[in-house]
Amino acid sequence: MSLHKHHTRPDETIEDSAFDDGVGSIPRHKLPVGIQDADAAMRFIQNELMLDGNARQNLATFVTTWMEPQAQVLIRESLEKNIIDKDEYPQSAEIERRCVNILANLWNAPEPTGGGDAVGCSTTGSSEAAMLAGMALKWRWRARREAAGLDATRPNLVMGANVQVCWEKFARYWDVEARMVKLDGATHLTAEQAAAACDENTIGVVAVLGSTFDGSYEPVAEIAAALDALQAGTGLDVPVHVDAASGGFIAPFLDEHLLWDFRLDRVKSINASGHKYGLVYPGVGWVLWRGAEDLPADLIFSVDYLGGSMPTFALNFSRPAAQVIAQYYTLVRYGFEGYRRIQQRSRDIAGTIAEGVGAMGPFTLLSRGDELPVLAFKLTTPDAWTVYDLSHELRGFGWIVPAYPMPEGMADIDVLRVVVRNGFTFDLAAMFLADLGKCVQRLSGWQPDKVAFHH
Ligand SMILES: *Cc1c(COP(=O)(O)O)cnc(C)c1O
């Protein structure tokens, strides 16, 4: 079964150009019977991919759309490497280990005792990282319950309704109740709400550093403090996982004094997407644990490694090493100062766009790009047109800006969101604002009363 449906006829074919070089047409949904010329096959596919959006004008995605040519060389040179073959590619394994240690240091993990290494691994992205971190929480909770002779069959995970879909997936796939807290006043989970939702079956609280809905940071330190108070009052000891998919590569550089990471004792694990503000092309994420005791040993498998044995924790077996190598490149190449400058620039550009949007008239900002370089805005008062119409209009200028309703508790509010990434510029921001202004004007012209006036 294909999960991806388009309305096409089964016998449909794709045609080559007028200058037919002997390839003719190929079936769309069946394996061609014959062999195609390599160049012609490439052109078929290139022609089709041209219809994809322009990555630089894609203000919807958090994922990296530009890397330096040197990174591209490294990626090309390592395309054939499989990260699981730690025996065959010991240096790639070593590079993964270094990345984990660099992130552990950046996220202020306690120094491992006995001179060991930081506990963590690469993944395909934050979604796989969430599965691994969620499993560790579930396993630890179950072990505690069983050791105490208590029922361990009804685990729940506490999170705001604004969590990314990966946490709902985790809950459904691993049989955990997704205890979603409705938004109430704030655009994300608050400390009081988090603590109030916990009970003896809570495997953990997910705090999001950088909500996908509006880019706002959840108050991780306040959530941890509320859980400290809960423990003092009830004895319940609920761990925190920080989903820092985006913020894990922003806060260490721009918000050094913000307490969100392993400096908080209650934070037991953190994930981040290397392919978002980690500045790597799609295909890499990270998950780290505070210490070895936070990652149950029976979740770890061993692969033979140069006569020794290498522990792995992953959902996949085979996976490209190229993305991990590219991550190491960005870490080495930019260093702390490079990341700081790149992220600050994205934040400054987001702030400029936020100002422009605010000054335009019809909009109210929910966020202004001062946490993640992301802004979300809504129509201040309902108009004859909606943010969905505006999103559609912007597409006419090539801009991809998603419109969607906020999560439960604020679902009556529809927003547009702009994500600023490395590679976006002040010039592009000015062009975007100009085009946004034109779209608003054009839509306002559609208002029935104005249309009547013009006639
Ligand atoms: C993007 C995102 C995810 C999912 O990450 P992938 O790397 O795309 O799998 C999870 N949580 C948050 C907060 C995100 O922004």
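Everything numeric in this text was worked out from a predicted model, so none of it was measured.

Chemist: Talk me through the nonpolar core; I want residue IDs and the actual numbers.
Modeler: With 66 residues, the main nonpolar core has Trp107, Val205, Ile223, Leu227, Val242, Trp260 and Trp286 as its most contacted residues. Core analysis: the second largest hydrophobic core is formed by 30 residues, Ala354, Val418, Cys439 and Val440 among them.

Chemist: Explain the packing of aromatic side chains to me, and be specific about the residues and the numbers.
Modeler: Inspection of every chain in the model, using the stated rule, returns 14 aromatic pairs. Each ring, one from Phe253 and one from Tyr339, has its centre 5.0 Å from the other, and the planes form 10°; the classification is stacked. Here Phe253 is found in helix 8 (residues 251-254), whereas its partner Tyr339 is found in helix 9 (residues 322-360), with 86 residues between them in sequence. Overall, Phe253 belongs to the buried group, its relative accessible area being 5%. The structure contains a cluster of three or more aromatic residues connected by ring pairs, namely Phe249, Phe253, Tyr334, Phe336 and Tyr339. One cation-aromatic arrangement involves Arg142 over Trp139; the distance from NZ or CZ to the ring centre is 4.5 Å.

Chemist: Residue-level account of the sheet that holds strand 12 (residues 363-368), with values.
Modeler: By way of backbone hydrogen bonds, the strands of a sheet pair with one another, either parallel or antiparallel. Here we have four strands laid out as an open sheet, ordered 12-13-15-14, and antiparallel in their pairing. Of all strands in the sheet, those with a lone pairing partner are strand 12 and strand 14 (403-405), marking the two edges. When strand polarity is set aside, the average angle formed by the axes of neighbouring strands in this sheet is 35°. Here strand 12 pairs with strand 13 (residues 374-379) via five bridges, running antiparallel. If you follow Thr364 over to strand 13, its bridge partner there is Lys378. Across the sheet, helix 9 touches strand 12, strand 13 and strand 15 (414-419), and the angle it forms with strand 12 is around 160°. Packed onto the sheet, helix 10 (residues 387-395) meets strand 12, strand 13, strand 14 and strand 15 and runs at close to 35° relative to strand 15.

Reading the values: rules and limits
- Residues numbered from 1 in each chain as written.
- Predicted model: local features only at pLDDT ≥ 70, side-chain atom pairs only at ≥ 80, totals over all residues.
- Heavy atoms only, no water.
- Core = buried A, V, L, I, M, F, W, Y, C linked by side-chain atoms within 4.5 Å.
- Buried < 20%, exposed > 50% of the residue type's maximum accessible area, 1.4 Å probe, protein only.
- Phe/Tyr/Trp six-rings, centres within 6.5 Å; stacked < 30°, edge-to-face > 60°.
- Helix = DSSP H or I, 4+ residues; strand = E, 2+ residues; numbered from the N terminus.
- Lys NZ or Arg CZ within 6 Å of the ring centre and 35° of its normal.
- Pairing = 2+ DSSP bridges.
- Axes fitted to C-alpha atoms, helices over the stretch in contact; angles between N-to-C directions.
- Contact = heavy atoms within 4.5 Å.

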